[in-house]
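This is what each chain is made of:
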Amino acid sequence: MAIINKKLAFEDIEPGNQYTDCTFTTSMQAVRVSDVTFHQCQFEQDNFGGSEWLDCPLC
């Protein structure tokens, strides 16, 4: 598991990683995220209608 700490797009999220103190930019596509951990992250997007989140704990 890699620990990632930077500004990213949702499309850059890879399963199996831990994202710490990251900022995620807005996505114009449907958000589909699985098997990652978020720790103290910020999301610029506030509408997640139609998105899919599987096995993504928030710490």
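Residues numbered from 1 in each chain as written. Predicted model: local features only at pLDDT ≥ 70, side-chain atom pairs only at ≥ 80, totals over all residues. Heavy atoms only, no water.

A.B. asks: Is there a simple way to think about unusual backbone geometry in this case?
C.D. replies: Note on backbone geometry: most residues besides glycine have negative phi, and most peptide bonds are trans. A positive phi angle, near 60 degrees, is found at D35, a position not held by glycine. Mapped onto the elements of the fold, D35 is located in the loop between β5 (32-34) and β6 (37-39). On the basis of relative accessibility, which here comes to 42%, the residue D35 falls in the partly exposed class. Its identity is not glycine, yet Q40 carries a phi of approximately 55 degrees, on the positive side. When you line up the elements, Q40 lands in the loop between β6 and β7 (42-43). (Helix = DSSP H or I, 4+ residues; strand = E, 2+ residues; numbered from the N terminus. Buried < 20%, exposed > 50% of the residue type's maximum accessible area, 1.4 Å probe, protein only.)

Read these as layout, nothing more, since geometry by itself doesn't imply function.
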